Every structure is written in structure tokens, then in C-alpha cells.
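So the chains spell out like this:
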Amino acid sequence: VDLLKEMIVRKGKVLNSNVLKVDSFINHQMDPVLMYEMGKVFADHFRKQNITKVVTIESSGIAPGIMTALALKVPCVFARKKKPLTLNEELLTTTVYSFTKKEENEISISQKFIDEQDCVLIIDDFLAHGEAALGLAKLTEQAGATVAGIGIVIEKAFQGGRKKLVDAGYEVKSLARIKSLSNSTVEFVEELELEEAAI
Ligand code: 5GP
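This structure is a prediction, so every number in the text was calculated from the model and none was measured.

Let us now look at unusual backbone geometry. Excluding glycine, most residues fall at negative phi; most peptide bonds, likewise, are trans. That bond from Glu-58 to Ser-59 is cis: its omega, -5°, falls within 30 degrees of zero. Relative to the helices and strands, Ser-59 resides in the loop between β3 (53–57) and α3 (62–72). Positive phi outside glycine occurs at Asn-50, with the angle close to 50°. The residue Asn-50 is located in the loop between α2 (32–46) and β3 in this model. Even without a glycine there, the phi angle at Lys-73 is positive, about 55°. Along the polypeptide, Lys-73 turns up in the loop between α3 and β4 (76–79). By relative accessible area, which is 72% here, Lys-73 ends up exposed.

This next bit is on the environment of Ala-79. Tracing the backbone shows Ala-79 in strand β4. The exposure class of Ala-79 is buried, given its relative accessible area of 0%. Along the sequence, Ala-79 and Leu-92 sit 13 residues apart, while their C-alpha atoms lie 9.4 Å from each other. With residues up to four places along the chain from it excluded, the contact list for Ala-79 reads Thr-56, Ile-57, Glu-58, Ile-107, Ser-108, Ile-109, Leu-136 and Leu-139.

Looking now at the site of the ligand. Residues in contact with the ligand amount to 14 residues; listed here are only the nearest, Leu-20, Asp-124, Gly-130, Ala-132 and Lys-156. At a separation of 2.9 Å, a nitrogen atom of the ligand approaches a polar side-chain atom of Asn-27. Take Ala-128: an N or O atom from its main chain is 2.8 Å from an oxygen atom of the ligand. Mapped by element, the contributors of at least two residues to the shell around the ligand are β7 (119–127) and α4 (131–142). In terms of residue count, the dominant contributor to the shell around the ligand is β7 (four residues). Of the residues contributing to the shell around the ligand, the split by class is six nonpolar, four polar and four charged.

The tally for this structure, following the rule as stated, stands at one aromatic pair. With a centroid separation of 5.0 Å and 85° between ring planes, the pair formed by Tyr-97 and Phe-99 is classed as edge-to-face. Residue class for Tyr-97 comes out partly exposed when judged on its relative accessible area of 30%. Judged by its relative accessible area of 38%, Phe-99 falls in the partly exposed class. Here the guanidinium or amino end of Lys-5 rests over the ring plane of Phe-188, the centre of that ring lying 5.4 Å away.

As enumerated under the stated definition, the model contains 10 salt bridges in all. A salt bridge links Arg-162 to Glu-155; the shortest N-O distance between them is 2.9 Å. Its relative accessible area of 22% is what places Arg-162 among the partly exposed residues. A relative accessible area of 1% places Glu-155 in the buried class.

Membership of the largest hydrophobic core comes to 35 residues, with the highest contact counts inside it found for Leu-4, Ile-8, Leu-20, Phe-25, Ile-26, Ile-154 and Val-186. Considering every element that reaches this core, the biggest residue donor is α2, with six residues. Ile-8 has contacts with Leu-20, Phe-25, Ile-154, Ala-176, Val-186 and Phe-188, leaving out every residue within four places of it along the chain. By size, the runner-up hydrophobic cluster in this structure holds 24 residues, among which are Val-77, Val-147, Ile-152 and Tyr-170.

How each quantity is defined
- Residues numbered from 1 in each chain as written.
- Predicted model: local features only at pLDDT ≥ 70, side-chain atom pairs only at ≥ 80, totals over all residues.
- Heavy atoms only, no water.
- Helix = DSSP H or I, 4+ residues; strand = E, 2+ residues; numbered from the N terminus.
- Buried < 20%, exposed > 50% of the residue type's maximum accessible area, 1.4 Å probe, protein only.
- Contact = heavy atoms within 4.5 Å.
- Near = heavy atom within 4 Å.
- Polar contact = N/O pair within 3.5 Å; in protein donor to acceptor, adjacent residues only side chain to side chain.
- Nonpolar A, V, L, I, M, F, W, Y, C, P; charged D, E, K, R; others polar.
- Phe/Tyr/Trp six-rings, centres within 6.5 Å; stacked < 30°, edge-to-face > 60°.
- Lys NZ or Arg CZ within 6 Å of the ring centre and 35° of its normal.
- Salt bridge = Lys/Arg side-chain N within 4 Å of Asp/Glu carboxyl O.
- Core = buried A, V, L, I, M, F, W, Y, C linked by side-chain atoms within 4.5 Å.

From the geometry alone we can't say anything about function, so treat these as descriptive.
Right, here's the structure in full:
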């Protein structure tokens, strides 16, 4: 996923030491070739686990989510941040705290789209403190389904989300791991550090 790292360096904007803006290829304007390539990487990584559904969250998770689902040929369901108008159906709901916005949001998925037969792959654009991914895992488990793993496009490794998810028992696969955003510079976790961390 060198293409992703290259685009982060070339087109990403470090807003401050905690937030990376990638609105020219992921979060606003979207690069479909990059999205599809990333979807294939997630699909190949988790394929053996017989995924039946991809679960993500609106709006920025939808593009990598649907591309992963396309590569796996399974449906993609996205959690909503606002209750749908058609409230006449049973919803799975949980709250997610956003450190960037400093607010709690209720997220929901219609119960009819996940059941106990499902083996779910969770996909999101960013991993920071792990709240969004944990919320999606909670919704999946409320439905009685299994979480096969969590695929993340950009992990900010200095914000501790991975540890939360791994401690909760989930496998995390991220395509780009950022070590620091200090001094307006993107610094990636080195391959060697990754190997050492795995020991
Ligand atoms: P977490 O729940 O892991 O703390 O944060 C993940 C969610 O917050 C993602 O769904 C993403 O939309 C948003 N987010 C967190 N950090 C960033 C960031 O640096 N840039 C952007 N664009 N979104 C972020």
C-alpha cells in the first residue's frame, strides 16, 4: 500500500499534531482506484475467515467499505449517525464518543441487516482512539454476529486505538500506520518497528 502512503505524504494536510486532513482523495473527493486497491488488500487479508458482511460507518467509511465488499462479493452495511426517518424498524444502537468533536453520538444499524449467522469485517477510514470501531463491533455483537476483524485505512498509532481493539480481542489490519504528526510532518511507523512490535 505504498500508493496510499505516497498520497498521504503528497496530498495530506497535517492540521495539527492530532489531525490529518485527507479530503482530496479519501474524505471529500475520493480516489476510486486507490479505494479499490485498498478494498482488495482488506479482502485478501480477511478472505479465509469467510466474511459474510462488511460493516462500516457513514460517511467516510462507506467508500473503503463498499470496495472491500465488492472484492469479497458480500453486502456492505453502514451504521448511521442520525436515526433514519423510517423509525418503524428495530434498530441496534450504541453510543460512540468522538475525541475530535468532543461529543457523544448515537449510531445505529437496522437489525434486519445483521444476524447471528453473519461473520463481519469492520472497515473504517481512520483509527484514532478506537471508539468508532468499538461501537461497530458492539452493534455487530448485539446482533449475535461474529467480528472477524477490523480493517483501517489510516491508523494514528500514537492515539492508542489499536491497543483498545486488540485488548478487546479483535484483529486489526491497517494500511498506513502513522507514528507522529508533530512539526506538521507525517512520520510513518517503520517496518522494523512493526516487526519488533510483533515479537
Ligand atoms: P476514533 O473513534 O478511533 O477515536 O476515531 C475514528 C473516527 O474519527 C473515524 O471514523 C474518522 O472519521 C474520525 N477521525 C479521527 N481522526 C481523524 C483524522 O486525523 N482525520 C480525519 N479526517 N478523521 C479522523
